[in-house]
Amino acid sequence: QGAGVCNVGVGALRGVQVAGVFNIGGREVSGVQAAGVFNIGGREVSGVQAAGVFNIGGREVSGVQAAGVFNVAGDVRGAQLSPVNVGGTVRGVQFGVVNIAREMHGLPIGLISISGNGLHNPSVWTDGLGYGYGGFQIGSGALYTIAYAGVPIENMTGGKGAFGLGLGIQGALDAFWLDVDLSAKRQMDWTADSRAILTRMGSSNTGFPSLRGAIGVEILRHLSIFGGLTLESHIPGLTAKSEFHSGAPWVVPLSNLGTSVELYPQWFLGIRM
């Protein structure tokens, strides 16, 4: 079926639908749907759906969905490729900015990945600098996104703090687990004047990469204790130093770039729910 505007199938489609605007498959689609705007498959899709805006694949998709904005399907065996992917039980790959699955048994690659059998963990921890942090991990499979914020424990109202956003990977063995994540961390200095907050955040270069490794053990259901090491990094000429860059650093030379990376280790201990 080929059309400048649209194609509509009734029963089972085995072959190809190509349209300038949209395709609607019948009861089943086995083959290819390609459209400039959207494709809607039947109850089952086996093959490829490719659209400029979105694909809807019915209760089961075996193959590939690729779209410019979003894909929606029931159970997926294969791949969903778009900025936003939504599936039921996914066995394969979701590649996008936001990936959502009822159950993930594969590899989600994205900034935010959410699944019913994934990570949804708040945590609190303190480090050797005397900062207290609260954070939240959300992920699907072994990959997760982490967001956190912290303030000095002895001076919580002193106008200083930090926040970060990053990506990580987790491995687990029985009750033990290991997290490694890399985040963009930023120190803040705020006052009660909201205009001053915006001015200080916008004018100061206080952002830097932060690498964190944690080992934890589950002591009760949904309760773990963990500890590890954070490497707060400083790149001379690129990032600004802050109180997080204290003590003797580990220096990693970057000869080809004519600079180096300074790593400032800090221990931390915490609890994850």
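To be clear, the structure that these remarks concern was listed above.
Not measured: the values here are computed from a predicted model.

**Q** I would appreciate a short explanation of the side chain of S260 in the present structure.
**A** As for its position among the elements, S260 is in strand β24 (residues 259-272). With a relative accessible area of 15%, S260 lands in the buried category. In this structure, S260 is in contact with H234, I235, P236, V251, V252, P253 and L254, ignoring residues within four places of it in sequence.

**Q** Which parts of the structure should I look at to understand the nonpolar core?
**A** The nonpolar side chains of a soluble globular protein tend to be buried, and buried together. Of all hydrophobic cores here, the largest spans 14 residues; its most connected members are W125, Y133, F226 and F244. Sorting the residues of this core by element identifies β16 (119-127), β17 (131-140), β18 (143-152) and β21 (207-220) as the ones contributing at least two each. At three residues, the largest contribution of residues to this core is made by β18. Residues V29, V61, A101 and M104 belong to the second largest nonpolar core, which totals nine residues.

**Q** Just checking my understanding: could you explain the packing of aromatic side chains for this structure?
**A** Both the distance between ring centres and the angle between the ring planes are used here to describe each pair of aromatic rings. Going through the model one piece at a time under the given rule, you end up with twelve aromatic pairs. Measuring from ring centre to ring centre gives 4.9 Å for F38 and F54, while their planes differ by 0 degrees; the resulting arrangement is stacked. Highlighted residues: F38 in strand β6 (residues 38-40) and F54 in strand β8 (residues 54-56), separated in sequence by 16 residues. A relative accessible area of 17% means that F38 is categorised as buried. Take F54: its relative accessible area is 16%, and that puts it in the buried class. Through pairs of rings, three or more aromatic residues link up here, namely W125, Y131, Y133, Y148, W177, F208, F226, F244 and F268. Here K185 stacks its cationic end above the ring of F244, 4.3 Å away from the centre of that ring.

Rules used in this analysis
Residues numbered from 1 in each chain as written. Predicted model: local features only at pLDDT ≥ 70, side-chain atom pairs only at ≥ 80, totals over all residues. Heavy atoms only, no water. Helix = DSSP H or I, 4+ residues; strand = E, 2+ residues; numbered from the N terminus. Buried < 20%, exposed > 50% of the residue type's maximum accessible area, 1.4 Å probe, protein only. Contact = heavy atoms within 4.5 Å. Core = buried A, V, L, I, M, F, W, Y, C linked by side-chain atoms within 4.5 Å. Phe/Tyr/Trp six-rings, centres within 6.5 Å; stacked < 30°, edge-to-face > 60°. Lys NZ or Arg CZ within 6 Å of the ring centre and 35° of its normal.

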